[in-house]
Amino acid sequence: MKSRWLAFLILAVGVLGCAEKDDLHLTKLARIKGYAEAQVKIEHLRKRTKPDWTAIEKLHHGVAPLVREVDGYGSTSYGSEIALALKKCSRGDRVEVNQQVLAKGLQHVTTLAMTRELDLMANSGPAQRQETVQYVAGYFEGIRPTFTRRDRDYFAGVRTLEASADRAILYLKKTASAGPAQILSARRELEQVILRTYALCVLFEISEIEDYRNKDLATCDVKRMEALIFYRIIQPRIRRGDLRADEALTAILHGPYAGMAAGTVREYLQRGLPEVPLG
């Protein structure tokens, strides 16, 4: 009789443990999806002719804890940078420039969070890996619009970068129960398309500066801020690939507009990312 009760107790504890684990997974997934949805809403709101900064600040308040969490392991300071940028926007201080810290900063936060999940995935079991793929896919929805825009700018609107990212996430899901080699291959595929997209983002903003530098310096200021934060996303890989390329790109991005040439930037980006096609 005692053994029967003991077996029942062990079973009950196991069931409760699984239920608690499932709850934690669903809570985390909901948090990530909420973050991505807020990121996209902020993007829509800030692009209005008259942005509602009160509504944007409310959305930011909801994602701020995750931003600070990423700052903790990403060696970034977006918690304070974005808060300051929002204050400046609310009082009308260089709104077009400062709102880029919010918009592009959140994109950097998203890519760092995705990288963190991929790191954790490498040291977990098959069930945990499947959960992690859901987290990665959830975060991706926050940056999907950027992939769509670059498809429009570089591929005539044909789903190229976006489709590559979707395929990479599907590949990651399929290999979650496979061996380390397959998982690493899937991870590299996703990282490659992220690097490609944000390298093209940097290149796009520099091309825009070339177009505007003789007629609209205010627009160039906006484009520089966008390029600077986009570059942060890919800089660690550029630095590992070619330190001098990173030094040159950093100097260009902080230098005078007259010295910014898309052809030169493309050359240095390619040196730092030799395995990534920039077109």
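Residues numbered from 1 in each chain as written. Predicted model: local features only at pLDDT ≥ 70, side-chain atom pairs only at ≥ 80, totals over all residues. Heavy atoms only, no water.

**Q** What is the right way to read the overall build of the chain from this model?
**A** Each helix and strand in the chain was counted, giving 10 helices and 0 strands. The secondary structure elements of the chain, listed N-terminal to C-terminal, are α-α-α-α-α-α-α-α-α-α. Dimensions of the chain along its principal axes, counting C-alpha atoms only, are 90 × 45 × 35 Å. Per-residue burial for the chain yields a buried fraction of 47% across its 279 residues. Pairs at least 24 residues apart make up 68% of the contacts formed inside the chain by residues separated by at least 6 positions. Working note: accessible area of the chain is about 14300 Å², and carbon and sulfur atoms make up 57% of it. Across the chain, the mean location of the 42 positive side-chain charges is 3 Å away from that of the 34 negative side-chain charges. (Helix = DSSP H or I, 4+ residues; strand = E, 2+ residues; numbered from the N terminus. Buried < 20%, exposed > 50% of the residue type's maximum accessible area, 1.4 Å probe, protein only. Contact = heavy atoms within 4.5 Å. Areas by Shrake-Rupley, 256 points an atom, 1.4 Å probe, with all protein chains shown as cover. Lys, Arg positive; Asp, Glu negative; His and termini not counted. Charge placed at Lys NZ, Arg CZ, Asp CG, Glu CD.)

**Q** Teacher, can you tell me more about the layout of surface pockets here?
**A** By volume, the largest pocket amounts to about 640 Å³. Every residue lining the largest pocket is counted, 27 residues in all, and those nearest its centre are His108, Leu112, Thr115, Ile233 and Pro236. Secondary-structure elements contributing two or more residues to the lining of the largest pocket are α2 (53–74), α3 (78–90), α4 (95–121), α7 (180–212) and α8 (217–241). Looking at the lining of the largest pocket, its residues break down into 10 nonpolar, 8 polar and 9 charged. What lines the second largest pocket is a set of 19 residues, and nearest its centre among them are Arg46, Lys47, Gln100, Lys104 and Glu226. (1 Å grid on protein atoms, 1.4 Å probe; cavity = no way out; pocket = protein on both sides within 12 Å on 5 of 7 lines; lining within 4 Å. Points joined across faces, edges and corners; volume = space filled by probe spheres on them. Nonpolar A, V, L, I, M, F, W, Y, C, P; charged D, E, K, R; others polar.)

**Q** Would you explain empty space enclosed by the protein in this entry?
**A** Over the atoms, a rolled probe matching the size of one water molecule traces out where space is still vacant. The final tally for this structure, using the stated rule, is 1 cavity of 30 Å³ or more. Size it by volume and the largest cavity reaches roughly 80 Å³. Forming the boundary of the largest cavity are Gln39, Ile42, Glu43, Ala103, Leu106, Gln107, Gly142, Ile143, Pro145, Thr146 and Arg149. Of all the secondary structure elements, the ones that give two or more residues to the lining of the largest cavity are α1 (2–46), α4 and α5 (126–154). Broken down by element, the residue count for the lining of the largest cavity peaks at 5 residues, all from α5. Looking at side-chain class alone, the lining of the largest cavity contains 5 nonpolar, 4 polar and 2 charged residues.

**Q** Which parts of the structure should I look at to understand the side chain of Gln100?
**A** Positionally, Gln100 belongs in helix α4. Within polar-contact distance, the side chain of Gln100 engages the backbone oxygen of Glu96 at 3.4 Å. (Polar contact = N/O pair within 3.5 Å; in protein donor to acceptor, adjacent residues only side chain to side chain.)

**Q** Looking at this model, I keep getting lost on the environment of Gly34. Mind explaining?
**A** As for its position among the elements, Gly34 is in helix α1. In this structure Gly34 comes out as partly exposed when scored by relative accessible area, which is 34%. With 230 residues separating them along the chain, Gly34 and Thr264 place their C-alpha atoms 40 Å apart.

**Q** How do you make sense of unusual backbone geometry when you look at a structure like this?
**A** Apart from glycine, the bulk of residues carry a negative phi angle, and the bulk of peptide bonds sit in the trans form. A positive phi angle is found at Ser75, which is not glycine, with a value near 55°. Structurally, Ser75 can be placed in the loop between α2 and α3. Phi is positive for Ala156, which is not a glycine, with a value near 55°.

**Q** Help me out: how do you make sense of the packing of aromatic side chains in this one?
**A** Aromatic ring pairs: the centre-centre distance and the angle between the two ring planes describe each pair. Here the structure, examined in full by the defined rule, presents 4 aromatic pairs. Note on Tyr35 and Tyr139: the rings are 6.0 Å apart at their centroids and 70° apart in plane angle, and the pair reads as edge-to-face. Here Tyr35 is found in helix α1, whereas its partner Tyr139 is found in helix α5, with 104 residues between them in sequence. Tyr139 matches Tyr35 in its accessibility class, with the two residues each being buried. Judged by centre distance (5.0 Å) and plane angle (75°), the rings of Phe140 and Phe147 are edge-to-face. By the ring-pair criterion, three or more aromatic residues cluster together here, those being Phe140, Phe147, Tyr198 and Phe230. Lying over the aromatic face of Tyr73, Arg116 brings its terminal NZ or CZ to 4.5 Å of the ring centre. (Phe/Tyr/Trp six-rings, centres within 6.5 Å; stacked < 30°, edge-to-face > 60°. Lys NZ or Arg CZ within 6 Å of the ring centre and 35° of its normal.)

**Q** Please clarify how the environment of Gly92 should be interpreted in this entry.
**A** Mapping Gly92 onto the fold places it in the loop between α3 and α4. Along the chain, Gly92 and Ser207 lie 115 residues apart, while their C-alpha atoms are 27 Å from each other.

**Q** What exactly am I supposed to notice about the packing of α5 against helix α6 (residues 161–175) here?
**A** Helices that pack against each other are described as a pair by the angle of their axes relative to one another and the distance between those axes. Axis separation between α5 and α6 bottoms out at 9 Å; the angle between their running directions is 170°. For the element pair α5 / α6, the angle class is roughly antiparallel. In this structure, α5 contributes Gln130, Val133, Val136, Ala137, Phe140, Arg144, Phe147, Thr148, Arg150 and Asp151 to the contact, and α6 contributes Leu161, Glu162, Ala165, Asp166, Ile169, Leu172 and Lys173. A per-class count over the contact of α5 with α6 returns 9 nonpolar, 2 polar and 6 charged. (Axes fitted to C-alpha atoms, helices over the stretch in contact; angles between N-to-C directions. Parallel < 35°, antiparallel > 145°, perpendicular 65-115°, else oblique.)

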